[in-house]
Amino acid sequence: MTDTATASDDDRDVAGAGWLAAEVGSLVSASVAFALWLDGSTAVAVPGGSVSALAVTFLLLALAAVAAGGKASVRGQGLRALGHGTLAVGLVVLAAGSGIALVAVGGFTVTVGTLGVLVAVGGANLVVLDVLR
C-alpha cells in the first residue's frame, strides 16, 4: 500500500465520519421536533415566520437522509446513495405540500404530500434493495 492510497483511505474515513455526525445530529433534532409536536406544539419559529412542528420533523429527517446518502456515496454504495437522495426529496415534498390539494374526488383528497409519501417510499425501497443484495 502506498502513501497515496493510505491518504485516500484516511480522507474517506474522515468524510464518512463527517456525514455520520450530520446524520446523527439531524436524527436527534428530528426526534426533538417530533416530541414537540406530540406535546401539542403547533409551530416552530423560523426566520421569516413559523412552520408546523411536524413539517420540521420531516425536513430534519430529509436532512438526515441526505447525510446518509453522502455517507453511502463515500463508501461506494451508489444505489443506496440514490435511495437516500430520493427519500430526502420525498420527505421535503411531504413537509412542504401536505396541505395542498391536487385532486378531490368525493371524500378522498390527494395532496402534494401524498406524492411526497410515494416518492419517499420509493427511495426507501432503493435503500432496502441495496441492503438486501
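Refer to the structure presented above.
Conventions and cut-offs
- Residues numbered from 1 in each chain as written.
- Predicted model: local features only at pLDDT ≥ 70, side-chain atom pairs only at ≥ 80, totals over all residues.
- Heavy atoms only, no water.
- Helix = DSSP H or I, 4+ residues; strand = E, 2+ residues; numbered from the N terminus.
- Rg over C-alpha atoms; globule rule 2.2 N^0.38 Å.
- Contact = heavy atoms within 4.5 Å.
- Areas by Shrake-Rupley, 256 points an atom, 1.4 Å probe, with all protein chains shown as cover.
- Salt bridge = Lys/Arg side-chain N within 4 Å of Asp/Glu carboxyl O.
- Buried < 20%, exposed > 50% of the residue type's maximum accessible area, 1.4 Å probe, protein only.
- Pairing = 2+ DSSP bridges.
- Axes fitted to C-alpha atoms, helices over the stretch in contact; angles between N-to-C directions.
- Parallel < 35°, antiparallel > 145°, perpendicular 65-115°, else oblique.
- Left-handed = near helix turned anticlockwise from the far one by under 90°.
- Nonpolar A, V, L, I, M, F, W, Y, C, P; charged D, E, K, R; others polar.

### Regarding the overall build of the chain
Secondary structure summary: the chain contains 4 helices and 4 strands in total. Listed N to C, the secondary structure of the chain is α-β-β-α-α-β-β-α in terms of helices and strands. In terms of overall size, the chain is more extended than a compact globule, its C-alpha atoms giving a radius of gyration of 18 Å where 133 residues would be expected to give roughly 14 Å. Each principal axis of the C-alpha distribution contributes one length, and for the chain these read about 65 × 30 × 25 Å. A separation of at least 24 residues holds for 54% of the contacts in the chain among residues at least 6 apart in sequence. If you sum the accessible surface of the chain, you get close to 7800 Å²; carbon and sulfur atoms cover 69% of it.

### A look at the pattern of salt bridges
Between side chains of opposite charge, a pair can form when the charged atoms approach closely. Here the structure, examined in full by the defined rule, presents 3 salt bridges. For Asp 130, the salt bridge identified is with Arg 80, shortest N-O distance 2.9 Å. Of this pair, Asp 130 sits in helix α4 (residues 112-132) while Arg 80 sits in helix α3 (residues 78-97), placing them 50 residues apart in sequence. Here Asp 130 falls in the buried class, since its relative accessible area comes to 8%. Put simply, Asp 130 and Arg 133 hold a salt bridge, and the shortest N to O gap is 2.9 Å. Owing to a relative accessible area of 68%, Arg 133 belongs among the exposed residues under this scheme. Put simply, Arg 80, Asp 130 and Arg 133 are held in one network by salt bridges that share partners.

### Notes on the pairing of strand β3 (residues 101-105)
Little of β3 is tucked away, with 0 of its 5 residues classed as buried. Pairing geometry for β3 and strand β4 (residues 108-111), over 4 bridges, is antiparallel. By the bridge assignment for β4, Ala 104 is matched with Thr 109. Between β3 and β4, which pair antiparallel one after the other, the connecting turn spans 2 residues, and Gly 106 there sits at a positive phi close to 60°.

### A short note on the environment of Leu 102
Here Leu 102 is to be found in strand β3. Through-space distance from the C-alpha of Leu 102 to that of Val 112 is 6.4 Å; in sequence the pair is 10 residues apart.

### Here we look at the packing of helix α2 (residues 53-74) against α3
Axis separation between α2 and α3 bottoms out at 8 Å; the angle between their running directions is 165°. One element, α2, and the other, α3, form an angle in the roughly antiparallel class. The interaxial crossing formed by α2 with α3 has left-handed handedness. Each of Ala 55, Phe 58, Leu 59, Leu 61, Ala 62, Ala 65, Val 66, Ala 68, Gly 69, Ala 72 and Ser 73 in α2 lies in contact with α3, whose residues at this interface are Arg 80, Ala 81, His 84, Leu 87, Ala 88, Leu 91, Val 92, Leu 94 and Ala 95. Partitioning the contact of α2 with α3 into residue classes produces 16 nonpolar, 3 polar and 1 charged.

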